[in-house]
Structures are given as C-alpha cells and as structure tokens.
Amino acid sequence: MADEQGLTPRAQDFSAWYNEVVLRAELADYSPVRGCMVIRPYGYGIWENMQRALDGMFKATGHQNAYFPLFIPMSFLEREKEHVEGFAPEVAVVTHAGGKELEEPLVIRPTSETIIYAMFAKWVQSYRDLPLLINQWANVVRWELRTRLFLRTAEFLWQEGHTAHASEAEAEEETLRMLGVYREFMDDWMAMPPVLGRKTESEKFAGALRTYSCEALMQDNKALQAATSHNLGQNFARQFELKYQTVTGGEDYAWNTSWGASTRLVGGLVMTHGDDVGLVVPPQLAPIQVVIVPIYRSEEERTQTLGAADQVAAALRAQQVRVHVDARDTVKPGAKYFEWERKGVPLRLEIGPKDLERGQVMAVRRRELEGLARKEPLPMDAVATLVPQRLGEFQRALLEAARRRREENSYRGIESYDRFREIVEGPGGFIYAGWCGSAACEAKVKEETKATIRCLPFEEFRTPEAPTRCLVCGGEAKHEAVWDRAY
Ligand SMILES: [Zn+2]
C-alpha cells in the first residue's frame, strides 16, 4: 500500500475507506491483542480535545471527577439481574493473580454502576448529601468478537457520569440535562448534529428505567449511537443499599443516573466529515487548526518565506490558534499539501515569494463547503484577525452541511413496510414511521432487515403530521420511531 496512493472511494466501499482513513491519517493502529487498538498521537490529540471540551461542560454543570477501580467483584455484577444478563456475554474475568486462584473472580469493568453505587452507599446518609454528582474518565472492556477501530473495540476509553438524587423528578432532570450537554458538544464542537430521543424497552441500558440517546447519521446512512444517558431509577440503589434519610425523617432509596460517551466519537467524526481525500477535522477539535507551508527554491527564498511563516505562526498562536509550520526541506510543497489534507487540517496557509511581494498569504480550506471559497488570499497584516474568523466559518459550514445531509437522507411519512424495506435495503437513512409499541413488531423488523428503532424522537424532531398506523402490523401507532441500521 503505497503512501501516495489514493483512498478507496466512499461510494465504492465505505467500510474500506473508513479503515484506510483511520490508518493513513495516523489516528489508530491495530494492536497485537485482537480486538484492541492503539490510539496514535494524532488520534489521541483529537480525543484529548474532546475530553477537554466535555470535561469543562460536566464541571460547569456541577460534576466532579473521581476514579474507581478497574476490577469489580463478580458478585457485584450479579446483584442487578438485568444488568448481569446484559453484560455477562462480553465480560472479561480475572480468575488468577499472584500465582494463585482468586477466592472471588474479578470482572474487568464493562461499566461501573455497581462499584460506584456500592461506594455511594457509604458516602450518602441524608438528603443533605444529595445530589451526588460524579464523573469518571476511564477505560472499559467489553469482549466483542467483531471489532472496528474506534467504533467497536474490546477495550475503549470513555467517561461515565454517575449521580444520586433524592427524587425521581431530579434524576430525570439530570438524565435529560446531560443528554443536552452531549447534544451541545456534538453540535458546537463535532459539527455532528444528533437526533435525540428515548430508547425502546428492548434497546435500553441493562438495568435502567429509561435510556435516552444521541443518534447521528453517518455518510453511509447508518446510524451511530453517539452518547447515552440513563435514568436508573432505584434499581441499583436497592441492590447496593444506597439509602438516605429524607427531609421528613423517613428512609428512601436514592435515584441514580448514568451517562457516557466514548472514543467511538472519533469514529463518528471520521464518518461525518471525511471525504475521498481523507479526514476532515472540525476546527474546534483539530490538534492542528492551521498548517503553514513555506514555498521556496533558493536559499534566499527559504530564509524569507520561513521567516514570514514563523511570524504568521506567532501572531496566530497569540490568538490561541493551534498552528504548525511545516519547515521540512526533504518534502516538496505538493506532498505536504497532500499529507495535511489527508490528516484533515482545516486550513492551510501557503507563503511563497510572490505572496511576500503582494503582502499576502494564500489560505486554502480543507474542503469545499457551500458559500465558502476553497482558496482565498489574505492580507498578511490581517491574518491574525481573519484566520480565527475563517476557522469559525468553516466550523459552522461543516455543521450546516452535516445537518443538510442528515435531512436529505431522512424519510418521513413512510407507511408501507415494502417501501420501508426498499429504503433500508437500498440507500438507507433515518426512517420516521409509526410504531404500535409492541416488541414483536420491533423484533420482526430487526430480524428481517437488521434495522432497529434508534429512538423515539423528542418532539422537535418529530414529523408535524404524526403517523397513525404501525409500520409493521398496521395497528394504531403509539409512537413515531426513527429506524435505521446502526454501527
Ligand atoms: Zn405493530
């Protein structure tokens, strides 16, 4: 696989394209352990920017970070029946350590509800200790057989928020607040606008009362569940004796919520914005927002253009722009353009002798977007103010393009099951249709088409004219549902 070779076009084989982008943009690599991945510095830089943004939003909504152990006693997982049934098939278990068989096997956390609520039970005595609002940044292990870099790996990085409240209403409010935080992050930072809604009983988190999710539409028209937020009710509190003294002196179990987003978001970013050239990173999350390429032939030109590049870089850094000067002598400008485009750097500034004469730099956007020129000369003395503006425009245009694509690939008012199958088995996309609420109808569709109900969308996403009939059985529709095949 020559490095200069083009990528497999998306239209030809989306999944091959995805793997090539991830590998060649140096986001991640396969690991010696099957199903695991190595996140390379450039990919980790994107994840760090995601972390930083989300962490700030969690703290602004009153949460604190803490850390709980990687190992969980097997008996903890077994206490919540639905929870253990949901996770048992993919759990990795440590049975030996220190050369001896352990008295009790230890589960490597697939998620941390059990161990965290066991600790909460020690810390919470009265209503005055509530709400308790904790977040953890950690790795988790779910032994998946079929894995994809970032999208589904046996070990992945994530954050899991865990909270305890004095009432169901407060827990529900928290569950929805954090779903809103994810949405804001996906809109404003990732430019990946999600559809929000509630999961059905069969799709909800194992052990939750209700699960809500952010569903994003990828360029191959498959859905990506990008984040989830769960109202756990009192299910875990009962199993872990997480009780508190109420205002009136009585005793009650606390109400819990949990919510999470993972390195899967990096995969979502690739599949939302990438093109046949490679990755496109939204400026807000780009480890390098601007790359400066000096163009020169002689030593004298080299000194001049490199000097100008360093000056522009310093002016941009003073504006908090993440900038890199590609001063390599061993690589030709054309090859540099190619490399940084493949890595998705939003804006490139070219500085050659002619540009210096004219007192300008040539700005080139990573991708053509509606209303924005791909190339544009910027006056050298205005670069420090214009570049941050251009990055902001690019960010907004990416969001608009993604929203337009999502709506162009959404189908509403679908009443015939044949038509539904035609779409699912053809172009794919978000299909809005009526559902009677029965698990049998849901299962039949999954069995026959591999499409699932992604969510029961919130009102703002629903079709103005609500469907009246179930897509599958023709019975009365209780909900409008969004269906699609998913990652
Ligand atoms: Zn039905």
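Along each chain, numbering runs from 1 in the same order as the chain's sequence is written. Local features in a predicted model are, by the rule used here, given only for residues with pLDDT of at least 70; side-chain atom pairs are given and counted only at 80 or more, and totals for whole chains, interfaces and linings are based on all residues. Remark: hydrogens and water are excluded; side-chain values derive from all non-hydrogen atoms of the structure.

Below, the discussion takes up the overall build of the chain. Put simply, DSSP H or I for four residues or longer makes a helix, DSSP E for two residues or longer makes a strand, and each gets a number counted from the N terminus. When you go through the chain residue by residue, the secondary structure sums to 14 helices and 23 strands. What you see for the chain is a C-alpha radius of gyration of 25 Å, in line with the 23 Å of a compact globule of 487 residues. Across its three principal axes, the chain shows a C-alpha extent of roughly 80 × 60 × 50 Å. Scored against the burial criterion, the 487 residues of the chain give a buried share of 54%. By definition in these notes, contact holds between two residues if any of their heavy atoms fall within 4.5 Å. Taking contacts inside the chain between residues at least 6 apart in sequence as the whole, the part at least 24 apart equals 70%. Areas reported here follow the Shrake-Rupley algorithm with a probe of radius 1.4 Å; residue values treat only the protein chains shown as occluding. Surface accessibility of the chain: about 21,300 Å² in total, with carbon and sulfur atoms responsible for 49%. This count recognises Lys and Arg as positive and Asp and Glu as negative, with His and chain-terminal groups excluded. For the purpose of locating charges, the reference atoms are NZ of Lys, CZ of Arg, CG of Asp and CD of Glu. With 60 positive and 70 negative side-chain charges, the chain shows a separation of 2 Å between the mean positions of the two kinds. Atoms considered for the radius of gyration are the C-alpha atoms alone. The globule rule reads 2.2 Å times the number of residues to the power 0.38. Categorising residues by exposure relies on relative accessible area from a 1.4 Å probe, with only protein chains included: less than 20% of the type maximum marks a residue as buried, more than 50% marks it as exposed, and the intermediate range marks it as partly exposed.

It is worth spelling out the sheet that holds strand S5 (residues 92-97) at this point. Two strands are said to pair when DSSP picks up at least two bridges between them. Here we have three strands laid out as an open sheet, ordered S4-S6-S5, and antiparallel in their pairing. The outermost strands of the open sheet, each flanked by one partner alone, are strand S4 (71-73) and S5. Strand-to-strand, the axes of this sheet are offset by a mean angle of 45°, without reference to chain direction. Inter-axis angles, ranging from 0 to 180 degrees, are taken between N-to-C directions of lines fitted to C-alpha atoms, where helices are fitted over the stretch in contact.

As a rule, N, O and S atoms within 2.8 Å of a metal are its donors, except that Na, K and Ca use 3.2 Å; water is not among the atoms, so sites may look incomplete. Distances from the zinc ion to its protein donors, Cys436 (SG), Cys441 (SG), Cys470 (SG) and Cys473 (SG), fall at 2.3 to 2.4 Å. Note on geometry labels: four donors, all angles 85 to 135 degrees, give tetrahedral; four donors become square planar and six octahedral when opposite donors are over 155 degrees apart and every other angle is between 65 and 115; remaining cases are irregular. Between the four donor atoms coordinating the zinc ion, the angles at the centre fall across 103 to 117°, so the site counts as tetrahedral. Counting gaps between the donor residues of the zinc ion yields the pattern C-x4-C-x28-C-x2-C.

Below, the discussion takes up helix H9 (residues 299-317). An expected span of 1.5 Å times one less than the residue number is assigned to each helix. With 19 residues, H9 should reach 27 Å at 1.5 Å per residue; the first-to-last C-alpha distance of 26 Å fits that figure. Three or more residues of H9 are buried, namely Thr305, Leu306, Ala308, Ala309, Val312, Ala313 and Leu316. Burial along H9 is one-sided: seen end-on, the buried residues are contained in an arc of 160°. Away from its buried face, by an angle of more than 90 degrees, H9 presents the exposed residues Glu299, Glu300, Thr303 and Gln311. In the core, the buried residues of H9 are packed alongside strand S15 (290-294), strand S16 (323-325), strand S17 (347-351), helix H11 (353-358), strand S18 (360-365) and helix H12 (383-408). Of all possible arcs, the one meant is that of the directions from the helix axis to the C-beta atoms.

Okay, the domain arrangement of the chain next. One frequently used descriptor of interface size is the decrease in accessible area upon assembly of the parts. Segmentation of the chain into domains, including their bounds, is taken from an automatic or database domain assignment. When cut into domains, the chain gives domain 1 (14-273), domain 2 (285-406) and domain 3 (410-484). Taken together, the contact pairs 24 residues of domain 1 with 15 residues of domain 2. Overall, the association of domain 1 and domain 2 removes approximately 1,800 Å² of surface from exposure, summing both partners, and the carbon and sulfur fraction of that is 58%. Considering only the surface of domain 1 that becomes buried against domain 2, Tyr42, Pro193 and His273 emerge as the three largest contributors, covering 32% of it. For salt bridges, the criterion is a side-chain nitrogen of Lys or Arg within 4 Å of an Asp or Glu carboxyl oxygen. Scanning the region where domain 1 abuts domain 2 turns up two salt bridges. For glutamate 26, the salt bridge identified is with lysine 343, shortest N-O distance 3.3 Å. Polar contact is the term for a pair of N or O atoms within 3.5 Å; when the atoms are in protein, one must be able to donate a hydrogen and the other to accept it, and sequence-neighboring residues count only if both atoms are side-chain atoms. One can count 10 residue pairs in polar contact (both at pLDDT 80 or more) joining domain 1 with domain 2. Taken together, the elements giving at least two residues each to the side of domain 1 that touches domain 2 come down to helix H2 (41-60), helix H6 (168-190) and helix H8 (264-273). As used here, buried area is the combined drop in accessible area, with a 1.4 Å probe, of two parts when they are placed together.

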